[in-house]
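For reference, the chains in residue letters:
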Amino acid sequence: MIKLYHTNCPICKAIEIKLKSLNIEYESIEGAENIINLGFSSSPVIECEDGTYYVGGAECMKFVNSLN
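## Side note on unusual backbone geometry
Cis geometry marks the peptide bond from Ser43 to Pro44, where omega comes out at -5°. Looking at the secondary structure, you find Pro44 in the loop between α2 (32-38) and β3 (45-47). Located in the positive-phi region is Asn8, a residue other than glycine, with phi close to 65°. Checked against the element boundaries, Asn8 lands in the loop between β1 (2-6) and α1 (10-21). Exposure remark for Asn8: the relative accessible area of 31% places this residue in the partly exposed category. With phi around 55°, Asn23 is a residue other than glycine that occupies positive phi space.

Given below as structure tokens:
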């Protein structure tokens, strides 16, 4: 399962919609403070089980699209 850290911005919402449409199980973690605690300053952030992070709208969307 992946974790999606987000701030409910339009890009974050689009990524959530895409994950749901692909039936990808994910944990939704809302709030900028959670992203900052990870050491990042951009949202959204996707954390994979292997410890890989994808940061920012373009990088996260590219990753999600690769799950097709």
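## Here's the deal with the packing of α1 against helix α3 (residues 57-65)
Between two packed helices, the angle of one axis relative to the other and the distance separating the axes together describe the packing. Two numbers describe how α1 lies on α3: the axes approach to 10 Å, and their chain directions differ by 5°. Considering the angle they form, α1 stands roughly parallel to α3. From α1, Ile11, Ala14, Ile15, Lys18 and Leu19 reach across to α3, where they touch Gly57, Cys60, Met61, Val64 and Asn65. Broken down by class, the residue content of the contact of α1 with α3 amounts to 7 nonpolar, 2 polar and 1 charged.

## Side note on the pairing of β1
In terms of burial, β1 is largely enclosed, as 4 of its 5 residues are buried. You can see the chain leave β1, run along α1 and come back into strand β2 (residues 26-30), and the turn it takes is right-handed. For β1 and β3, the ladder comprises 3 bridges, and the chain directions are antiparallel. Of the residues in β3, the one forming a bridge with Tyr5 is Val45.

Basis of the calculations
For every chain, the first residue of the written sequence is number 1, and numbering continues from 1 onward in sequence order. Local features in this predicted model are restricted to residues of pLDDT 70 or higher, and side-chain atom pairs are both shown and tallied only at a pLDDT of 80 or more, whereas totals for entire chains, interfaces and linings draw on every residue. Side-chain descriptors were evaluated using all non-hydrogen atoms of the structure, hydrogens and water having been removed beforehand. Numbered from the N terminus, helices here are DSSP runs of H or I no shorter than four residues, and strands are runs of E no shorter than two. Only protein chains enter the accessibility calculation, which uses a 1.4 Å probe; a residue is then buried when its area is under 20% of its type maximum, exposed when over 50%, and partly exposed in between. Geometry is summarised by axes, namely lines fitted to C-alpha atoms with helices restricted to the contacting stretch, and by angles between N-to-C directions that run from 0 to 180 degrees. Roughly parallel means an angle under 35 degrees; roughly antiparallel, over 145; roughly perpendicular, 65 to 115; everything else is oblique. Residue contacts follow a heavy-atom distance rule, with two residues in contact if any of their heavy atoms lie within 4.5 Å. Just so you know the grouping, Ala, Val, Leu, Ile, Met, Phe, Trp, Tyr, Cys and Pro go in nonpolar, Asp, Glu, Lys and Arg go in charged, and all remaining residues, Gly too, go in polar. For a crossover, the right-handed case is the one in which the path from the first strand over the helix to the second runs clockwise, viewed with the strands pointing away from the viewer. One requirement defines pairing of two strands: DSSP has to find at least two bridges between them.

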